[in-house]
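# Secondary and tertiary structure notes
So the chains spell out like this:
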Amino acid sequence: MFVPLTLNPAIDRILRLDQPLQPGELHRVTERREQAGGKGVNVARALRTLGAEVTAAGVLAGFNGQKFAALLAAEGLAGQHVFLDRGETRECQIVLREGHPTEINEAGVPHDASALERLLTACAGHTLVLCGSLPPGMPLEAFGALIHQQAPAAADTSGPALRTALEAGAALVKPNEAELRQIAGSAELEAARRLRERFGSRLLVTRGAQGAWLVGQETWEARVPRVDVANPVGAGDCTLAGFLWAEAQGLPEQEALAWAVACGSASALQGGPTALTRQAAEELRQAVEVSRAR
Ligand code: TA6
């Protein structure tokens, strides 16, 4: 079973506006939706859609934590949670206008190692995937030790935590181009190759409409036809899920890469991870081209 662990879960509040977001202006909300959020939850959604057995894990707190668990259950997604006795699970506001998201993410609730340890004990023996930003105050050394001890299938995070994941020997990391630039100074393929040479991790680099690179022993490039993007939020999470699922089916990594970009594009096309269907991913999979990157 896959266990995507969202280190810093959130209630995602998705707001559609009547006009483009402009600082200082009044905006009317035309549609409002709340859902359990954070990258691991999206990974769990996409894995379930593909037919995998999955439980979304996270450390929750307060009323928002209760709400998170209820929202997850309402979607029929299995959850494994530890509740803190203080604080509030954070909220992320996602403002959508014509497919362009503006995200305003709160920092989250701090917690010490003991909550995480309890959670990991409950999830032992399953395929762990570490997802999203770290909770405030979590030392990078503790995150590095987590990777070292738990050997997750992948770590999808950003900034200093992404660098720590590489230093700790994560099997697979999934930066987008901005995250690659943050830690490598460039979003070029050569920068990803240098990280691979230095740290040994495989890198799944998501490139939006350009597709993705997989940088491992070999380097693969996947291209997907352009789609009309309804909501790109969470597309990278679905890309990771598609890759992990396909490799778990025994497919070679270049085919897993094709499934990965098909899932990411299908999610963006269909309106996000909650709307993703396996049929759409399968259809796009036929249109994905994978080749060795030079
Ligand atoms: O990838 C989109 C998303 O999963 C949103 O659901 C939102 O909750 C956010 O990412 C959290 O990301 P962060 O990097 O703040 O942990």
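Residues numbered from 1 in each chain as written. Predicted model: local features only at pLDDT ≥ 70, side-chain atom pairs only at ≥ 80, totals over all residues. Heavy atoms only, no water.

The protein chain appears in an unreviewed UniProt entry as 1-phosphofructokinase/tagatose 6-phosphate kinase from Deinococcus metallilatus. Turning to the protein chain, the UniProt annotation filed under Sequence similarities (unreviewed entry) states: "Belongs to the carbohydrate kinase PfkB family." (UniProt positions renumbered as here; feature names shortened; annotations may be inferred.)

It is worth spelling out the overall build of the protein chain at this point. The helix and strand inventory of the protein chain stands at 10 helices and 14 strands. With the C-alpha coordinates of the protein chain rotated into their principal frame, the extents come out at 50 × 45 × 35 Å. Counting over 294 residues, the protein chain shows a buried share of 54%. Once local pairs closer than 6 in sequence are excluded, the contacts in the protein chain between residues at least 24 apart make up 64%. When the accessible surface of the protein chain is split by element, carbon and sulfur atoms take 48% of a total near 12800 Å². Between the mean site of the 28 positive side-chain charges and the mean site of the 33 negative ones, the protein chain shows a separation of 2 Å. (Helix = DSSP H or I, 4+ residues; strand = E, 2+ residues; numbered from the N terminus. Buried < 20%, exposed > 50% of the residue type's maximum accessible area, 1.4 Å probe, protein only. Contact = heavy atoms within 4.5 Å. Areas by Shrake-Rupley, 256 points an atom, 1.4 Å probe, with all protein chains shown as cover. Lys, Arg positive; Asp, Glu negative; His and termini not counted. Charge placed at Lys NZ, Arg CZ, Asp CG, Glu CD.)

What follows concerns the packing of helix 8 (residues 235–248) against helix 9 (residues 253–270). Their axes nearest at 7 Å, the elements helix 8 and helix 9 cross at an angle of 145°. With respect to the hand of their crossing, helix 8 and helix 9 are arranged in right-handed fashion. Judged by residue contacts, Ala235, Cys238, Thr239, Gly242, Phe243, Trp245, Ala246 and Glu247 of helix 8 engage Glu253, Ala256, Leu257, Trp259, Ala260, Val261, Cys263, Gly264, Ser267 and Ala268 from helix 9. Among the residues making up the contact of helix 8 with helix 9, the classes are represented as 12 nonpolar, four polar and two charged. (Axes fitted to C-alpha atoms, helices over the stretch in contact; angles between N-to-C directions. Left-handed = near helix turned anticlockwise from the far one by under 90°. Nonpolar A, V, L, I, M, F, W, Y, C, P; charged D, E, K, R; others polar.)

Our next topic: the side chain of Asp156. With respect to the helices and strands, Asp156 occurs in strand 9 (residues 154–156). For Asp156, which is buried and forms no salt bridge, the nearest opposite charge comes from Lys174, at a distance of 4.1 Å. (Salt bridge = Lys/Arg side-chain N within 4 Å of Asp/Glu carboxyl O.)

This next bit is on the UniProt feature "domain: Carbohydrate kinase PfkB" (unreviewed entry) in the protein chain. Following the UniProt record, the feature "domain: Carbohydrate kinase PfkB" (unreviewed entry) maps to residues 11–275 here. What you have in residues 11–275 is 40% helix and 25% strand, and the ends, taken at the C-alpha atoms, are 17 Å apart.

Our focus in this paragraph is helix 9. In a regular helix each residue adds 1.5 Å, so 18 residues correspond to 26 Å; helix 9 covers 25 Å between its end C-alpha atoms and thus fits that length. One or two residues past the end of helix 9 sits Gly271, with phi positive at roughly 115°. (Expected span 1.5 Å × (residues − 1).)

Now for the site of the ligand. For the ligand, the set of nearby residues contains 14 residues, the closest of which are Asp12, Lys39, Arg90, Ser133 and Asp237. A distance of 2.9 Å separates an oxygen atom of the ligand from a polar side-chain atom of Lys39. For the ligand, an oxygen atom lies 3.2 Å from a polar atom in the side chain of Asn42. Here the ligand loses 90% of its free accessible area of 390 Å² to cover by the protein chains. Going through the elements one at a time, helix 1 (39–50), strand 6 (90–97) and strand 7 (100–105) are the ones with two or more residues in the shell around the ligand. (Near = heavy atom within 4 Å. Polar contact = N/O pair within 3.5 Å; in protein donor to acceptor, adjacent residues only side chain to side chain.)

Next up on the list: the packing of aromatic side chains. Scanning the entire structure with this criterion turns up one aromatic pair. With centroids separated by 5.0 Å and ring planes inclined at 70°, the aromatic side chains of Trp245 and Trp259 adopt a geometry described as edge-to-face. Here Trp245, found in helix 8, pairs with Trp259, found in helix 9; they are 14 residues apart in sequence, far enough to count as distant. Taken as a pair, Trp245 and Trp259 share a single burial class, namely buried. (Phe/Tyr/Trp six-rings, centres within 6.5 Å; stacked < 30°, edge-to-face > 60°.)

Let us now look at the packing of helix 6 (residues 177–184) against helix 7 (residues 189–199). Packing of helix 6 against helix 7 brings their axes to within 10 Å, and their N-to-C directions diverge by 60°. The angle between helix 6 and helix 7 falls in the class oblique. Of the two possible hands of crossing, helix 6 and helix 7 adopt the one that is left-handed. Taking contact as the criterion, the partners of Leu180, Ile183 and Ala184 in helix 6 are, on helix 7, Ala191, Ala192 and Leu195. (Parallel < 35°, antiparallel > 145°, perpendicular 65-115°, else oblique.)

Looking now at the pattern of salt bridges. Counted by the stated rule, this structure contains 14 salt bridges. Salt-bridge contacts for Arg202 lead to Glu253; the nearest nitrogen and oxygen are separated by 2.9 Å. Remark: Glu253 occurs in helix 9 and Arg202 occurs in strand 11 (residues 202–206); sequence separation between them is 51 residues. Residues joined in a network through salt bridges with shared partners are Arg13, Arg32, Glu34, Lys67 and Glu91.

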